[in-house]
Amino acid sequence: MPMSLRVLFPNITMEPSHDLIERLQEKWPRVAELVTEMSSDLFTETRLGRLRHIGAIWYIQGGTAEMLTEIGLALAEQLEMPRSVVVSELLLSYGASREEQRTREWEIHLLNRVSELDGLHRIISAANSTLDLDASLQTVVETVAQVVGVEVCSVYIYDKHRDELVLRATRGLNQGAVGQIVAHLGEGVTGWAARVGRPVTVRNVWEDSRFTVEPQLGEQPFHSMLAVPIVLFSAERFQFSSDKLQGVINIQTRGPRDFTQEEINFVEVAAGELAFFIANAQLYQQTDERLQIKVRELTTLQQVSKHIAEQLSLREVLNLIAEKAVELAKADRADIFQVGEDGTSHLVASYGASGQNGEGVHPFLSHMLKDRLPLAILNAYQDSRFPELAEWACREQFHSLFCMPLRARERMIGSICLYTREPHHFDYEEARLLSTFADEAAVAIENARLYQESRRALAVKSAMLQEMHHRVRNNLQTISALLAMQLRRLGAESPGARALRESVARIQSIAGVHNLLCREDVGITTVGAVIRQVVDNASVGLVSSDRPVHFTVTGDVVHVGSREATVLALVINELISNALTHGLANEGGNVEIEAMLQDDKVTIEVRDDGPTHSPPPNGVSGSGLGLQIIETLVSDDLGGAFELLHTPGDQWTRARLYLPRQILAVRTEETAVA
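Along each chain, numbering runs from 1 in the same order as the chain's sequence is written. Only residues with pLDDT of at least 70 are given local features in this predicted model, and only at 80 or more are side-chain atom pairs given and counted; all residues enter the totals for whole chains, interfaces and linings. As a convention, hydrogens and water are excluded, and side-chain values are obtained from all of the structure's heavy atoms.

## Here we look at the overall build of the chain
Alright, step 1. Scanning the chain from terminus to terminus reveals 18 helices and 19 strands.
Alright, step 2. Per-residue accessibility, obtained with a 1.4 Å probe over protein chains only, is compared with the maximum for each type, and a residue is labelled buried under 20%, exposed over 50%, and partly exposed between these values. Across the 674 residues in the chain, those meeting the buried criterion constitute 43%.
Alright, step 3. For the chain, the share of sequence-separated contacts (at least 6 apart) that also reach a separation of at least 24 residues comes to 62%. Note on conventions: DSSP H or I runs of at least 4 residues are helices, E runs of at least 2 residues are strands, and numbering of each starts at the N terminus. Two residues qualify as a contact provided that any one of their heavy atoms is within 4.5 Å of a heavy atom in the partner residue.

## What to know about the pattern of salt bridges
Alright, step 1. What makes a salt bridge here is a side-chain nitrogen of Lys or Arg within 4 Å of a carboxyl oxygen of Asp or Glu, nothing more. In the structure shown here, the tally under the stated rule is 18 salt bridges.
Alright, step 2. With a closest N to O distance of 3.6 Å, Glu396 and Arg333 form a salt bridge. A residue pair is termed long-range when its members are at least 10 positions apart, and Glu396 in helix α12 (residues 389-396) and Arg333 in strand β7 (residues 333-339) qualify at 63 residues. The pair Glu396 / Arg333 is uniform in exposure class, with both members buried.
Alright, step 3. In this structure, Glu594 engages Arg607 in a salt bridge whose closest nitrogen and oxygen atoms are separated by 3.3 Å. Of the two residues, Glu594 sits in strand β15 (residues 589-598) while Arg607 sits in strand β16 (residues 601-608), which places them 13 residues apart along the sequence.
Alright, step 4. A cluster of three or more residues bridged by salt bridges with shared partners is formed by Glu592, Glu594, Glu605, Arg607, Arg654 and Arg656.

## Some points on the side chain of Thr603
Alright, step 1. Residue position: Thr603 is located in strand β16.
Alright, step 2. Using a relative accessible area of 3% as the deciding quantity, one classes Thr603 as buried.

## Description of the pairing of β7
Alright, step 1. Taken across its seven residues, β7 has six buried, putting it largely inside the fold.
Alright, step 2. Pairing between strands requires that DSSP locate at least two bridges from one strand to the other. By the bridge criterion, six bridges tie β7 to strand β8 (residues 345-351) in an arrangement that is antiparallel. Opposite Gln338, over in β8, you have His346 as the bridge partner.
Alright, step 3. Taken together, β7 and the strand that follows it, β8, pair antiparallel across an intervening segment of five residues, in which Gly343 is found at a positive phi of about 90 degrees.

## Points about the environment of Tyr158
Alright, step 1. With respect to the helices and strands, Tyr158 occurs in strand β1 (residues 152-159).
Alright, step 2. For Tyr158, a relative accessible area of 7% gives the class buried.
Alright, step 3. With 89 residues separating them in the primary sequence, Tyr158 and Gly247 have C-alpha atoms 4.6 Å apart.
Alright, step 4. We call two N or O atoms a polar contact when they sit within 3.5 Å, provided that within protein one can donate a hydrogen and the other can accept it, with sequence-adjacent residues counted only if both atoms are side-chain atoms. Separated by 2.4 Å, the side chains of Tyr158 and Asp163 make a polar contact.

## With respect to the sheet that holds strand β17 (residues 641-645)
Alright, step 1. What the five strands build is an open sheet, ordered β13-β15-β16-β18-β17; its pairing is mixed. Edge strands, defined here as strands with exactly one partner in the open sheet, are β13 (549-555) and β17. The mean angle between the axes of side-by-side strands here comes to 15 degrees, regardless of whether they run parallel or antiparallel. Interaxial angle, 0 to 180 degrees, is taken between N-to-C directions of lines fitted to C-alpha atoms, where a helix line uses only the stretch in contact.

## Details of the sheet that holds strand β6 (residues 245-253)
Whenever strands of a sheet pair, they do so through backbone hydrogen bonds, lying parallel or antiparallel.
Alright, step 1. Taken in spatial order, the six strands make up an open sheet running β3-β2-β1-β6-β5-β4, and their pairing is antiparallel. At either end of the open sheet lies a strand with only one pairing partner, and these are β3 (182-184) and β4 (200-202). The average angle at which neighbouring strand axes cross in this sheet is 25 degrees, direction not considered.
Alright, step 2. Strand direction decides the pairing type here: strand β5 (residues 224-231) and β6, joined by eight bridges, are antiparallel. Among the inter-strand pairings, Ile230 is bridged to a residue of β6, identified as Gly247.
Alright, step 3. Contacting β1, β2 (164-171) and β6, helix α7 (residues 133-148) crosses the sheet at an angle of about 65 degrees to β2.
Alright, step 4. On the sheet, helix α8 (residues 188-196) packs against β1, β2, β3, β4, β5 and β6 and is oriented at approximately 40 degrees with respect to β5.

## Brief notes about the nonpolar core
Alright, step 1. Core analysis: the largest hydrophobic core is formed by 38 residues, its most contacted members being Ile572, Ile576, Ile593, Ile604 and Leu657.
Alright, step 2. The biggest single contributor to this core is helix α16 (residues 562-583), with 10 residues.
Alright, step 3. The residues touching Ile604, leaving out its near neighbours within four places in the chain, are Val527, Ile531, Leu568, Ile572, Ile593, Glu594, Ala595, Ala655, Arg656, Leu657 and Leu659.
Alright, step 4. Core analysis: the next-biggest nonpolar cluster, separate from the first, contains 36 residues, Leu301, Val304, Ile336 and Ala441 among them. Put simply, buried Ala, Val, Leu, Ile, Met, Phe, Trp, Tyr and Cys residues joined by side-chain atoms within 4.5 Å make one nonpolar core.

## Things to note about the environment of Arg168
Alright, step 1. Inspection of the secondary structure puts Arg168 in strand β2.
Alright, step 2. Separated by 14 residues in the primary sequence, Arg168 and Ser154 have C-alpha atoms spaced 7.9 Å apart.
Alright, step 3. Those residues in contact with Arg168, other than ones at most four positions away along the chain, are Leu133, Asp134, Leu137, Val155, Ile157 and Val178.

## Quick word on α8
Alright, step 1. What α8 keeps buried is the set Gly188, Val189, Thr190, Gly191, Ala193 and Ala194.
Alright, step 2. At its buried positions, α8 is contacted by β1, β2, β3, β4, β5 and β6.

## Structural notes on the pairing of β15
Alright, step 1. In terms of strand pairing, β13 meets β15 through seven bridges, oriented parallel. Bridge pairing in β15 places Gly555 opposite Ala595.
Alright, step 2. The sheet contact formed by β15 and β16 spans eight bridges and is antiparallel. By the bridge assignment for β16, Ala595 is matched with Ile604.
Alright, step 3. If you look at the hairpin formed by β15 and β16, you'll find two residues sitting between the two strands, and Asp599 has a positive phi there, around 55 degrees.

## Let's talk about the confidence of the model for the chain
Alright, step 1. Every residue is assigned a pLDDT by the predictor, reflecting its confidence on a scale from 0 to 100. Overall, the predicted model of the chain reaches an average pLDDT of 76, with 78% of residues at or above 70.
Alright, step 2. Here helix α18 (residues 669-673) stands out as the least confident element of the chain, with mean pLDDT 32; β4 is the most confident, with 92.
Alright, step 3. The model gives residues 665-674 a pLDDT under 50, and that stretch makes 13 contacts with residues more than four places away or in other chains.

## As for unusual backbone geometry
Alright, step 1. Located in the positive-phi region is Lys330, a residue other than glycine, with phi close to 55 degrees.
Alright, step 2. Tracing the backbone through its elements, the reader meets Lys330 in the loop between α10 (314-329) and β7.
Alright, step 3. Despite not being glycine, Gln397 shows a phi value in the positive range, around 60 degrees.
Alright, step 4. The residue Gln397 is located in the loop between α12 and β10 (400-408) in this model.
Alright, step 5. By relative accessible area, which is 57% here, Gln397 ends up exposed.

This is how it looks when you write it as C-alpha cells:
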C-alpha cells in the first residue's frame, strides 16, 4: 500500500478486508457505502458508475486527487479490477466535478459582474439624468445595496466650510435622520475612512473601538460595516488630501461579514462615479446661486436706477443715490462728493452717518480723481499709501473703504465713497456692479443739475418776457387812449367815429392778449382766456347800456402760443364787432363763443341770435374790412379756414374758424385741471 494511504489508514492491508470500508465509513460514509455496493455487485458497468460517483463525491467533500488515486489502487486490488480502469474512472469523475464546480463559480462570477455593471449603469444614469443631488444619491444607495446584497447603504457628503460629513441619503436606516446626522473627520468608522482616504472594513463594529453609535439612525441591529471615501482624484490618483474628499459611502449588514475584494472594488468604483457627480452638482449649484445673486443684483440695480431717474430735484437725487448705494453694496455708510469749478471736492450728500464732513478722505479722493479709477482700501488703519486715513477711520469708526468716480460726458463731476465697519473685500464682480451704479448715478446727477439750470434759465426768460408783454401792453393802451381822445372830437354816429371805435377795439384786444401773457407761463395762454379778454374789452367799448348783450364762453381748454394768441384776439374781436354791428345793433341779444376739439382740428364758433331780433332801423352796412381782416389772418397766419353761416329757419348766425390742431397745444379741461 502506498505510504500516504497507510498514513491515512494505518490498519489497511493489501488483502481484501472490511477495514477499508470501516475507515471510509468514519470520514466518508457515502464513499464507504458505494464501495460496499461495488463489492457485492459483479457487473462492470455498475461498478464503473459507482466509481464515477465516488470521484464526484470525493471532489465535493474536498479530497485530493493524489489520495483518490491511492484509494483507487487499493480498490482495484480489493475488487480485482484493472488498476488503470479504476484509477482513470475515479480521476475522470473527479476532474469533471472540478470543472463543473469551476464553471458554476465562473458563471456566478460573471453574473456578479453583470449585476455590478448594471448597478454602475444605473448609478451613472442617475447622475446624468438630473442635477438634483438628493434624488440621485437615493438612487445610488438603493442600487449599491441591491448589487452588494446588504441591508444598509448610506452616503455622507463632506461640507468643506464646516469640515464635517452630513448624512444625505440612506437605505435601511432612519430616513428622518437625513440632513440631521453629522460626523467629524476621524470620528467613528465613517470619519476614519474620510481621514485616511481609503476603504475601512469592520467585521463586527461592536468590537471596534472606532465605532460610535448614533441612536437616531437605528443601526443597533447591524454588525459588519464597509466605509469607502468618495474622493475626486486628479492625475496623481493616490495623493489623497481633504480638498479632494467629497464624502463617504457606507454599507452595513446584520450579521458579521468579511467583505470580498470584489465587493470593495465595486463600492470604490461607485464612489468614484459619485465623486464626479457630486462635484458637478455642487458646481452647478454654486453657478446657479451666483446666477441668482447676479439676477437679484441686476434687478436691484434696475429698480434703483428707475427710482433715481424719476427724481429731478438735485438734492433728492443725491440723497437717494447715497441711500441706494448703501443698500446695493451692503455697506454701513455712503458719502457723495462733488467736484467744484476749481477742481476741489466737497461733501454734498451722506447716508448712514452724521456729523462728519469728509475731510479725512480728501487725499484719497484726490488720488482717485487723478487716476479716474475706483480705489479700494481693505484696512484703512494699515494702508501704506494713505497713512493719514488711520486717524480719520478711527474717528469715524470704519475699517474698509471703496470709492468710485462719477463721470458724465467724459467729465469728472464727483465721487461716491462707501464705508464698512468690518473688513470687507470688494471683489471684481461687486466692483463692476457698483461701477455700473455709479455711471447711472452720474447721469441722474447731471440730468438733475441740467434740469435745475433749465428751470433757472426759464425763470429768467419768463421774467423777461413778462416784462416785455407788460411794456407792449402799456404802449398799446397809450395808443388806445390817444385814439379815444380823438374819438371824443367826432360825432358819435359819424363814419369816422365808427372807424375809430373799431380801431380802438382791435388795439384793446391785442393789449388784452399781452396783459394775459405777462401773467401766464412763458409765452403760453389759452383760447378761452383770449376770448374772455376780448369779450371784456368789447363789453366796455362796443356795447351800450340801452342795447345789452349777454356773452357766453364755453368749450375745451386749448393752449396757444403768444403769436397765435395775438392773431386769434384780432379775429375774435372782428367777429364780435360784426355781430354787434349787424345782428344785435337794434335790440342787443346773446353772443356765444365755443372752442371744440374735432379729430385733427380745433373749431371755434362765434354765434349770435340776431335773426330773432328786429334789424337796425337805418339798415347799417359795413365796408367789408372786418371780414377781409378775418379771412386774411385765419388763412395766412393761422393756416386755417373761415366760413359764415346763416341757414333759413336757424335762430343763430354762425361764424366758424377751422384751425389745424398741430398749430395749437391742445388738452382737455379735465387734464388741465389735474
